[in-house]
Amino acid sequence: MAVYTDITETDLKDFLAQYEAGELLSYKGIAEGVENSNFLLHTSKGPLILTLYEKRVEKNDLPFFLGLMHHLADRGLSCPLPLPRKDGALLGELSGRPAALISFLEGMWLRKPEAKHCREVGKALAQMHVAGEGFTLKRPNALSLEGWKTLWAKSKDRADEVEKGLEGEIGGEIAFLAGNWPKDLPEGVIHADLFPDNVFFLEDGLSGLIDFYFACNDFLVYDLSICINAWCFEKDGAYNVTKGMAMIEGYQSVRPLSDAEAAALPILSRGSALRFFLTRLYDWLTTPAGALVVKKDPLEYLHKLRFHQKIAFAAEYGMTR
Ligand SMILES: Nc1ncnc2c1ncn2[C@@H]1O[C@H](COP(=O)(O)OP(=O)(O)OP(=O)(O)O)[C@@H](O)[C@H]1O
Ligand SMILES: N[C@@H](CCO)C(=O)O
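Each value, and the rule that gives it
- Residue positions are counted from 1 within each chain, in the order its sequence is given.
- Each chain gets a letter, beginning with A, and each ligand a number, beginning with 1, in the order they are written.
- Confidence filtering applies because this is a predicted model: local features only for residues at pLDDT of at least 70, side-chain atom pairs given and counted only at 80 or more, and all residues used for totals across whole chains, interfaces and linings.
- Water and hydrogen atoms play no part in the side-chain values, which are based on all heavy atoms of the structure.
- Throughout, near means a residue has at least one heavy atom within 4 Å of the molecule or strand.
- Whenever a nitrogen or oxygen atom comes within 3.5 Å of another N or O atom, the pair is scored as a polar contact, on the condition that within protein one atom can donate a hydrogen and the other can accept it, and that pairs from neighbouring residues in sequence are kept only if both atoms are in side chains.
- Reported accessibility uses the Shrake-Rupley method at a 1.4 Å probe radius. Residues are deemed covered only where the shown protein chains occlude them.
- Following the grouping adopted for this structure description, the nonpolar residues are Ala, Val, Leu, Ile, Met, Phe, Trp, Tyr, Cys and Pro, the charged ones are Asp, Glu, Lys and Arg, and the polar ones are all others, Gly among them.
- Only DSSP runs of H or I covering at least 4 residues are called helices, and only runs of E covering at least 2 are called strands; the numbering of each starts at the N terminus.
- In this analysis, the expected span of each helix is defined as 1.5 Å times one less than the number of residues it contains.
- Only protein chains enter the calculation, and the probe is 1.4 Å; a residue is then buried if its accessible area is under 20% of its type maximum, exposed if over 50%, and partly exposed in between.
- Throughout, a contact is declared for two residues whenever any of their heavy atoms are within 4.5 Å.
- The rule for a salt bridge is simple: a side-chain nitrogen of Lys or Arg has to be within 4 Å of a carboxyl oxygen of Asp or Glu.
- Each aromatic pair joins two rings of Phe, Tyr and Trp (for Trp, the six-membered one) with centres within 6.5 Å, and gets the label stacked for planes under 30 degrees apart, edge-to-face for over 60, and tilted for any other angle.
- A ring has a charge above it when a Lys NZ or an Arg CZ is no more than 6 Å from the ring centre and no more than 35 degrees off the ring normal.
- The split of the chain into domains comes from an automatic or database domain assignment.
- UniProt positions are given in the numbering used here, feature names are shortened, and annotations may be inferred rather than shown by experiment.
- What gets called buried area is simply the loss in accessible area from a 1.4 Å probe that two parts show on being joined, summed for both.
- We call two strands paired when DSSP finds no fewer than two bridges between them.

Caption draft 1: View of the site of ligand 2. Close contacts around ligand 2 come from Val34, Glu35, Asp193, Phe195, Phe214, Arg275, Phe276, Arg280 and Lys296, and that covers them all. Measuring from an oxygen atom of ligand 2, one finds a side-chain N or O atom of glutamate 35 at 3.1 Å. At 2.7 Å from a nitrogen atom of ligand 2 is found a side-chain nitrogen or oxygen belonging to aspartate 193. With the chains in place, 94% of the 260 Å² that ligand 2 exposes on its own is no longer accessible. Along the lines of polarity and charge, the residues of the shell around ligand 2 split into 4 nonpolar, no polar and 5 charged.

Spelled out as structure tokens, the structure:
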């Protein structure tokens, strides 16, 4: 359960008094997610999400994330909105953490997504990329090459505890990616963490995207590679090309990929698999036993990385053009 910071009812009521949010009826910690502390509140005006920003979120980046949600919603993308306080600020403080009240998005995330859902996700991702145009704030991707090197430096001495031989293998992969990473692909605002638990569905229709706290400026097609990693592999580790095809077709129905973007998909997928391997590895090695969070398995992403190392063409992911 991702509640790193606890709150008292008195502090919460004082916090809520700064908003036009109604009277507090009840609240509880949300037993999902690994990054921030989230609470579901019921107030006399309806449900709300309270988020306390934790370790990986820089306070200085919060105007980018919260402003982006408004920018995207203004352009018709379904995503939650941060509520303004009575003084107009989008951000407050609770239990010593930066905190925001976020509108409640109806829907559930899918435990067993099918190809038709992957198509919807691909389409929504491209819609987000288009809607992100014109957003003036900038945030470089803190979890690209330089960030990977920093994370790796903090984990590599203990990496062999997770699997023997990892220290050499991952060091070699980072050197390869540093030498071959693409330079001139279309850039824009990317979500950067569009996993199944960040996409809500009502019936079979996609109802919205949440959790924009890794959003940044990077290659747009890198975001597609993240979704391929997160949505198109089965539990047994096999790549599902039907899901990959649906995801890419859905994306291209809104924003067709250039030849250069298609050619870069294999290396970008290696990079995005490495990114989630590294954050998971770091958390695996550093999260104290007994913390109220379910740690995610880094090896899942090591296996995906090895899969991508053997891919030469986007067609192998299911891209038909
Ligand atoms: N606006 C919202 N409306 C409804 N439910 C929400 C909303 N925001 C968060 N939740 C609930 O809280 C859970 C955790 O939220 P979120 O994914 O933002 O947390 P996180 O710790 O940043 O997670 P992650 O591990 O995906 O980075 C979601 O799976 C969802 O159940
Ligand atoms: N979506 C990430 C967690 C948030 O960074 C993962 O599954 O590792």
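What follows picks up the thread again.
Caption draft 2: Main features of helix 3 (residues 115–131). Here helix 3 is 17 residues long and its end C-alpha atoms lie 24 Å apart, about the 24 Å a rise of 1.5 Å per residue gives. Within the sequence span of helix 3, burial applies to His117, Cys118, Val121, Gly122, Ala124, Leu125, Ala126, Met128, His129 and Ala131. Buried residues belonging to helix 3 abut helix 2 (62–74), strand 6 (187–190), strand 7 (199–202), strand 8 (205–209), helix 6 (220–231) and helix 7 (241–252).

Caption draft 3: Quick peek at the pattern of salt bridges. Per the counting criterion, the structure on display carries 19 salt bridges. Across the pair glutamate 32 and arginine 111 runs a salt bridge whose closest N-O atoms are separated by 2.8 Å. On the criterion of sequence distance, the pair formed by glutamate 32 in the loop between strand 1 (24–29) and strand 2 (37–43) and arginine 111 in the loop between strand 5 (97–103) and helix 3 is long-range, its members being 79 residues apart. Overall, glutamate 32 belongs to the partly exposed group, its relative accessible area being 34%. Here lysine 116 and glutamate 114 are joined by a salt bridge, their closest N and O atoms 3.8 Å apart. In this structure lysine 116 comes out as partly exposed when scored by relative accessible area, which is 43%.

Caption draft 4: Structural context of the packing of aromatic side chains. Under the defined criterion, the tally for this structure stands at 14 aromatic pairs. These aromatic residues form a ring-pair network of at least three members: Tyr53, Phe64, Phe65, Phe135 and Tyr213. Sitting above the plane of the phenylalanine 214 ring, arginine 275 keeps its charged end 4.7 Å from the centroid.

Caption draft 5: Quick peek at the site of ligand 1. The full set close to ligand 1 counts 20 residues, and Glu32, Val34, Glu35, Leu105 and Asp211 are the nearest of them. Separating an oxygen atom of ligand 1 from a side-chain N or O atom of asparagine 38 is a distance of 3.1 Å. Taking 620 Å² as the accessible area of ligand 1 by itself, protein coverage stands at 92%. Built from parts of two domains, the shell around ligand 1 gets at least three residues from each of domain 1 (9–103) and domain 2 (115–317).

Caption draft 6: Local environment of the side chain of glutamate 54. Mapping glutamate 54 onto the fold places it in the loop between strand 3 (46–52) and helix 2. With residues near it in sequence (within four places) discarded, glutamate 54 still touches Tyr4, Thr5, Glu35, Asn36, Ser37 and Arg97.

Caption draft 7: Local environment of the UniProt feature "domain: Aminoglycoside phosphotransferase" (unreviewed entry) in the protein chain. According to UniProt, the feature "domain: Aminoglycoside phosphotransferase" (unreviewed entry) maps to residues 27–257 in the numbering used here. Taken as a whole, residues 27–257 contains 35% helix and 19% strand, while its terminal C-alpha atoms sit 44 Å from one another.

Caption draft 8: A look at the domain arrangement of the protein chain. Per the domain assignment, the segments of the protein chain are domain 1 (9–103) and domain 2 (115–317). Measuring from the centre of the C-alpha atoms in domain 1 to the corresponding centre in domain 2 gives 26 Å. For the pair domain 1 and domain 2, the summed buried area comes to about 2,100 Å², and 70% of that belongs to carbon and sulfur atoms. Contact with domain 2 buries surface across domain 1, with Arg56, Phe64 and Phe65 losing the most and accounting together for 30% of the total. Inspection of the region where domain 1 meets domain 2 yields 2 salt bridges. We note a salt bridge from arginine 56 to aspartate 283, for which the minimum N-O separation is 2.7 Å. Applying the counting rule to domain 1 against domain 2 returns 7 residue pairs in polar contact (both at pLDDT 80 or more).

Caption draft 9: Representation of unusual backbone geometry. One non-glycine residue, serine 95, adopts positive backbone phi at about 50°. Locating serine 95 in the fold gives a position in the loop between strand 4 (92–94) and strand 5. Here the phi dihedral of alanine 192 falls at roughly 75°; this positive angle occurs in a residue that is not glycine.

Caption draft 10: Representation of the pairing of strand 3 in the model. By the criterion of burial, strand 3 is predominantly enclosed, with 6 of the 7 residues buried. Bridge count between strand 2 and strand 3: 7 bridges; the pairing is antiparallel. For histidine 42, the partnering residue across the bridge sits in strand 3 and is proline 47. Between strand 2 and strand 3, which pair antiparallel and follow one another directly, the connecting turn spans 2 residues.

Caption draft 11: Molecular detail of helix 9 (residues 298–309). Helix length check: helix 9 (12 residues) gives 17 Å between terminal C-alpha atoms against 16 Å at 1.5 Å per residue, within 8%. Regarding helix 9, the residues found buried are Pro298, Leu299, Tyr301, Leu302, Lys304, Leu305 and His308. Those residues of helix 9 that are buried lie in contact with helix 5 (166–180), helix 6 and helix 8 (259–286).

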